[in-house]
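# Close look at the chain arrangement
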Amino acid sequence: MRYKLLTVDDSKTVRMIVRKAFKGYDCEILEAGNGVEGLAVASKEMPDLILLDVTMPVMDGVEMLTKLKSDPALKSIPVMMLTAEGGRDHVLKIAKIGVRDYLVKPFKEDVLIEKTGRIIDLKPLSDAPAKAKSIFDPATILVVEDKPAIIQQIQDGLKHTPWKVHGVAAQGEAIDFCTRTPPDLIVVSLSLPEESAFALFRLVRTNMKTKYTPVFALVVKTETAQQQQAQTVGFSAIITKPIDLGDLEAKMAKAMNLDTSQRYYALEGDTFIMRLPENCAPAVLAEVADYMKGKFAQAVDAGQNKVVIDIHQLKALHMGVIKLLFQAMQTCRDLAMHFVLVGNPQIITECKGFEDTRGWTFYESIEEAKANLGKSPAAAQLAAT
Amino acid sequence: MPVIQEITKKLVSENIHRAVNDVFRTMLARQPEFVSETLHDAGAHAPAAAAGAEANRPQIVGTVGFIGDVTGLIYLYFDLGFARLATGHLLGMTEAELEAADDEVVNDAIGELTNMTVGSFKNGFCDAGYPCKLTIPSILRGNNLRIEPISSAIRDSFCFQCAGHRVVIDILMKVGD
């Protein structure tokens, strides 16, 4: 829990509404039923914000606020009044004692969240580090672009993913969309008229629901001034046109904090598979390497000791791939795992051309590899090396 | 007491309409509909009786006062069914959860709805130059409840319909000392 919020109200109903309102946010709610209890909890817990009612038994909110502000240890705690007492003079009188905001009941939970978000850096719970959404989970992507062809290109390029890509042409439509369905990621074209991309970015960042949503800037490759401006403003990533859709997908997955390991590592029956894709760009190799130790350790922990390293989809062999494969083999040896390789004819031929890879033995299918795993002399030799 | 003449029936009516609309729409996501207003001359009345047979159903009545340049007491009469519905909505509780909960939960929710309604009502007076403060809510439960105001009090009753239920609001007010 990052933040502590103290709600001081004699109404259990209000305290429950406050608790309900902040349920989806990374904060702890503390409660007190009157000013005396409120001061005691504030002294003990040092909350990051106090939501304070006025009319309460034992000690009312005005007295509690006065005492709080005269206590050197507590006076810096921000206070937001949450009360049915809303007459102008009353509000002014309380404001003079020192409050950060004043919310008059009845109130909408959204407004309470919005105002709180202006005082503390409130984070939705789903953005907490514990989040582990997978690359195979659905996600909502909003593309704000006034050129339908670009939207179509992104939709087509990501159609193999479970992500739903929605396209809108203007800032207003984007705001409406975000209000209805807060997206997991937003891509905004910087070529929208009247710099509305930057205005939209600011609105997205001030809305509690989208405050932490990754926002990508879409800009023509040669527009360096715009790219710099987007970086300065704080866009999560810059995507240049013409769009490299593979790069876009990788950046999106990273920005959405998705677990992409399942693309490269899988447990199939009693065999652990490590699989490299068709194109192993440096970003892909880095991603595979990042997950490697953890995934192999997980497999061992689950009682697996057979590994198939499958590179049959790979189109070209290069030093990055070779290094990664050596790393995988060494990990197998360190963990006493038996492993075999699966490759396509072209890769097998290319391997024969390098001194270091000449001795590698390949199978042509996973089934064949699995059948020979453990009894293959080559595997036994490698595992024992 | 120059202020007495300035607090008109119209101002009272406007304030209570605004307050009921604000509270019911914001907190219950329901649009209340005005049904009737009863202007009392004097003496005792059972405002809930205006709602006919509904008065005989179990009721929860929330009461909150205001004290200052204008002083008063407002009663909100909810039948038990609507009180439970409103509580469930306010707290995000299911019928089963409400069933398992204590009566205090419904009492507290009605107390808070009354507090908000009376707060919104009297804030209109504060802004019109009559500073006053709220009192702590209290709750009554029973059937066919009847109150008897003192003769010097100004009294108005308003009946609203919301989600098929009647909510009667009884306002007793005194301006000045």
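Residues numbered from 1 in each chain as written. Chains lettered and ligands numbered in written order. Predicted model: local features only at pLDDT ≥ 70, side-chain atom pairs only at ≥ 80, totals over all residues. Heavy atoms only, no water.

This part is about the overall build of chain B. Along the backbone of chain B there are five helices and seven strands. The secondary structure elements of chain B, listed N-terminal to C-terminal, are α-α-β-β-β-α-α-α-β-β-β-β. By the burial criterion, 52% of the 177 residues in chain B qualify as buried. Counted over contacts in chain B with a minimum sequence separation of 6, partners at least 24 positions apart contribute 72%. In the structure as shown, chain B presents an accessible area of about 7600 Å², 52% of it carried by carbon and sulfur atoms. (Helix = DSSP H or I, 4+ residues; strand = E, 2+ residues; numbered from the N terminus. Buried < 20%, exposed > 50% of the residue type's maximum accessible area, 1.4 Å probe, protein only. Contact = heavy atoms within 4.5 Å. Areas by Shrake-Rupley, 256 points an atom, 1.4 Å probe, with all protein chains shown as cover.)

Let's shift gears to the confidence of the model for chain B. Parts of the model with low pLDDT should not have their predicted coordinates read in detail. The share of residues in chain B with pLDDT of 70 or more is 86%, and the mean pLDDT across the chain is 84. The low-confidence segment residues 42-46 of chain B (pLDDT under 50) makes 13 contacts with residues lying over four places distant or belonging to another chain. (pLDDT = per-residue confidence, 0-100.)

A few words now on the side chain of Thr 331 of chain A. Residue and element names in this part refer to chain A. Positionally, Thr 331 belongs in helix α12 (residues 319-334). For Thr 331, a relative accessible area of 10% gives the class buried. Within the structure, Thr 331 has its side chain in polar contact with the backbone oxygen of Gln 327 (distance 2.8 Å). With residues up to four places along the chain from it excluded, the contact list for Thr 331 reads Met 292 and Phe 296. (Polar contact = N/O pair within 3.5 Å; in protein donor to acceptor, adjacent residues only side chain to side chain.)

The next point concerns the side chain of Thr 87 of chain B. Residue placement: Thr 87 of chain B occurs in helix α3 (residues 80-91). In this structure, Thr 87 of chain B is in contact with Leu 98, Val 105, Val 106 and Ala 109 of chain B, ignoring residues within four places of it in sequence.

The next thing to look at is the nonpolar core. If you look at the biggest cluster of nonpolar residues, it comprises 68 residues, and the most contacted ones within it are Phe 22 of chain A together with Phe 121 of chain B. The element best represented in this core is helix α5 (residues 103-127) of chain B, accounting for ten residues. Ignoring any residue separated from it by four or fewer positions in sequence, one finds Phe 22 of chain A in contact with Leu 5, Cys 27, Ile 29, Leu 51, Leu 112, Ile 113, Thr 116 and Leu 122 of chain A. Counting 32 residues, the second largest nonpolar core, distinct from the first, contains Met 274, Leu 285, Val 288 and Val 321 of chain A. (Core = buried A, V, L, I, M, F, W, Y, C linked by side-chain atoms within 4.5 Å.)

Glancing now at the interface of chain A and chain B. Opposite the 24 residues of chain A that make contact, chain B presents 25 residues. Note on chain A versus chain B: buried area summed over both sides is about 1900 Å², and carbon and sulfur give 60% of it. For chain A, the biggest contributors to the area lost against chain B are Thr 13, Ala 84 and Pro 106 of chain A; these three give 26% of the whole. Across the contact surface, chain A and chain B share two salt bridges. Residue Glu 85 of chain A pairs with Lys 122 of chain B through a salt bridge whose shortest N-O separation is 2.3 Å. Across the chain A-chain B interface, the total number found is 13 residue pairs in polar contact (both at pLDDT 80 or more). Of all elements in the fold, only α1 (12-21) and α4 (88-98) of chain A reach the threshold of two or more residues within the side of chain A that touches chain B. Tallied by class, residues from the side of chain A that touches chain B come to nine nonpolar, six polar and nine charged. (Buried area = accessible area lost by both parts, 1.4 Å probe. Salt bridge = Lys/Arg side-chain N within 4 Å of Asp/Glu carboxyl O. Nonpolar A, V, L, I, M, F, W, Y, C, P; charged D, E, K, R; others polar.)

In many reports, interface size means the accessible area that the parts give up when they come together. For chain A, the assigned domains are domain 1 (3-125), domain 2 (139-255) and domain 3 (261-384). Distance between the C-alpha centres of domain 2 of chain A and domain 3 of chain A: 37 Å. (Domains from an automatic or database assignment.)

With that settled, consider the sheet that holds strand β12 (residues 271-275) of chain A. Residue and element names in this part refer to chain A. The mixed open sheet is built from five strands, whose spatial order is β11-β12-β13-β14-β15. Single-partner strands in this sheet number two, and they are β11 (265-268) and β15 (362-363). For β12 and strand β13 (residues 306-310), the ladder comprises four bridges, and the chain directions are parallel. When the bridges of β13 are listed, Phe 272 appears paired with Val 307. (Pairing = 2+ DSSP bridges.)

A few words on the pattern of salt bridges. Evaluated as defined, the whole model comprises 28 salt bridges over all chains. Its salt-bridge partner being Lys 211 of chain A, residue Asp 121 of chain A comes within 3.3 Å of it at the nearest N-O pair. Separated by 90 residues along the polypeptide, Asp 121 of chain A in the loop between α5 (109-119) and β6 (139-144) and Lys 211 of chain A in the loop between α8 (196-206) and β9 (215-220) bring together distant segments of the chain. Each of Asp 9, Asp 53 and Lys 105 of chain A together with Glu 112 of chain B takes part in a single network of salt bridges with overlapping partners.

Counted under the stated rule, the structure contains 15 aromatic pairs over all chains. Judged by centre distance (5.7 Å) and plane angle (65 degrees), the ring pair of Phe 34 of chain B and Phe 160 of chain B falls under edge-to-face. In this pair, Phe 34 of chain B sits in strand β1 (residues 33-39) while Phe 160 of chain B sits in strand β6 (residues 154-162), placing the two residues 126 residues apart along the sequence. When its relative accessible area of 39% is taken as the criterion, Phe 34 of chain B is described as partly exposed. According to the relative accessible area criterion, Phe 160 of chain B is buried, its value standing at 2%. By way of ring pairs, the aromatic residues Phe 198, Phe 201 and Phe 235 of chain A are connected into one cluster. (Phe/Tyr/Trp six-rings, centres within 6.5 Å; stacked < 30°, edge-to-face > 60°.)

For the rest of this paragraph, the subject is the layout of surface pockets. All names here are of chain A. Roughly 920 Å³ of internal volume is contained in the largest pocket. Forming the walls of the largest pocket are 31 residues, and the residues nearest its centre are Ala 250, Arg 263, Tyr 264, Val 284 and Glu 287. Looking at the lining of the largest pocket, the elements with two or more residues in it are α10 (245-255) and α11 (282-301). With eight residues, the single largest contributor to the lining of the largest pocket is α10. Taken together, the residues of the lining of the largest pocket break down into twelve nonpolar, seven polar and twelve charged. Mapping the lining of the largest pocket onto the domain boundaries places at least three of its residues in each of domain 2 (139-255) and domain 3 (261-384). (1 Å grid on protein atoms, 1.4 Å probe; cavity = no way out; pocket = protein on both sides within 12 Å on 5 of 7 lines; lining within 4 Å. Points joined across faces, edges and corners; volume = space filled by probe spheres on them.)

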